[in-house]
Amino acid sequence: LLGELGVTWSRHGQPLLPIGTIYDPFVGRALEPWSFGMYAGGQSILVGTPSGVSLAPEGGAHQSIVTPSIGIGQPGCTFWEPAFGQELEWTLLHALSRLGRPGGESAYFRLSTRPLDQSLGPADDRRELVLGGGYPLRRARGRPRVTLVGMGALVPEVLEAADVLGDDAEVICVTSADLLFRAFRARAGLGEHDSAILDELLPAGRAAPMVTVLDGAPNALAFLAAVNGVPLTPLGVTRFGQSGDLEDVYRHHGIDAETVVGAALDLL
């Protein structure tokens, strides 16, 4: 249905704004027809929520792991994983503006039902960076000794780890690993995407060993270490999910604040 509604702009001259929702672990089921729809020129938005092991109380069968990698690899689509409501508002409005027109594209949002403190989110002047793929959530006082990169529901754990590590830790919040990967390839002359976002997030003069964290397969953010050629420890989910308290499940998978701190100290 999303595929068919997404092509009305080219077939009938009537653009629509189709949005579908699905449990994130079932994105794999929807992927084949949705991908075929995009191949045929369809432009729509798919929202996968809830996602990840943050859905701990419901058990492993409902916990998605590989979907960030799917989003990054899907042609004709931008993958977003915002952490805060303000990020979601800006990115969803942007995604809607890309529908139903020549040169437009689909979007996939990987969302969570985990409540987060919204006061930790981006300031109003961060909108352009949020739409570019990420923004600095906390800068180190001087040159950082370590850079912590978080995405989605795990941003609070990254900030908690930064509190322990002190003023030498820098925190980057990723809103779209997809767009950052396009920028990374464009810097190497592959593709026409603007690479300026990399200089904003990870300027060479602030390069430091890096820990990346997400509620999903850790390879989705691992490429960021190559932006400046720094040592990296990628944290994420590499085993099937478990049912339990959120704190225990995060610790089980090594994506809790304590593990982030330990990974950073090991790099130093």
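What counts as what
- Residues numbered from 1 in each chain as written.
- Predicted model: local features only at pLDDT ≥ 70, side-chain atom pairs only at ≥ 80, totals over all residues.
- Heavy atoms only, no water.
- Phe/Tyr/Trp six-rings, centres within 6.5 Å; stacked < 30°, edge-to-face > 60°.
- Helix = DSSP H or I, 4+ residues; strand = E, 2+ residues; numbered from the N terminus.
- Buried < 20%, exposed > 50% of the residue type's maximum accessible area, 1.4 Å probe, protein only.
- Lys NZ or Arg CZ within 6 Å of the ring centre and 35° of its normal.
- Pairing = 2+ DSSP bridges.
- Salt bridge = Lys/Arg side-chain N within 4 Å of Asp/Glu carboxyl O.
- Axes fitted to C-alpha atoms, helices over the stretch in contact; angles between N-to-C directions.
- Contact = heavy atoms within 4.5 Å.

Within this structure, the stated rule accounts for six aromatic pairs. Each ring, one from Phe79 and one from Tyr108, has its centre 5.3 Å from the other, and the planes form 35°; the classification is tilted. On the criterion of sequence distance, the pair formed by Phe79 in strand β3 (residues 77-80) and Tyr108 in strand β4 (residues 106-110) is long-range, its members being 29 residues apart. Note on accessibility: Phe79 and Tyr108 belong to one class, buried. Each ring, one from Phe184 and one from Phe223, has its centre 6.0 Å from the other, and the planes form 45°; the classification is tilted. Taken together, the residues span a long stretch of sequence, with Phe184 in helix α8 (residues 177-187) and Phe223 in the loop between α10 (219-222) and β9 (232-235) at a distance of 39 residues. These aromatic residues form a ring-pair network of at least three members: Phe181, Phe184 and Phe223. Sitting over the face of the ring of Phe26, Arg29 holds its NZ or CZ atom 4.5 Å from the ring centroid.

In this section: the pairing of strand β7 (residues 169-174). Burial of β7 is extensive: six of the six residues sit out of reach of the surface. One ladder, built from four bridges, connects strand β5 (residues 134-138) with β7; its direction is antiparallel. The residue bridging Gly134 from the neighbouring strand is Val174, located in β7.

Attention shifts here to the pattern of salt bridges. Following the criterion strictly, the structure yields 14 salt bridges and no others. What emerges from the salt-bridge pattern is a single network uniting Arg98, Glu105, Asp178 and Arg182.

Time to look at the sheet that holds strand β6 (residues 146-151). Within the open sheet, the five strands sit side by side as β5-β7-β6-β8-β9. Their pairing is mixed. Every other strand in the sheet has two partners, leaving β5 and β9 as the edge strands with one partner each. Strand-to-strand twist across the sheet, computed as the mean angle between neighbouring axes with direction ignored, equals 20°. Taken together, the six bridges between β6 and β7 define a ladder with parallel strand orientation. Looking across to β7, one finds that Leu148 is bridged to Val171. In the packing of helix α7 (residues 155-165) onto the sheet, the strands contacted are β5, β6, β7 and β8 (210-213), and the crossing angle to β6 comes to about 160°.

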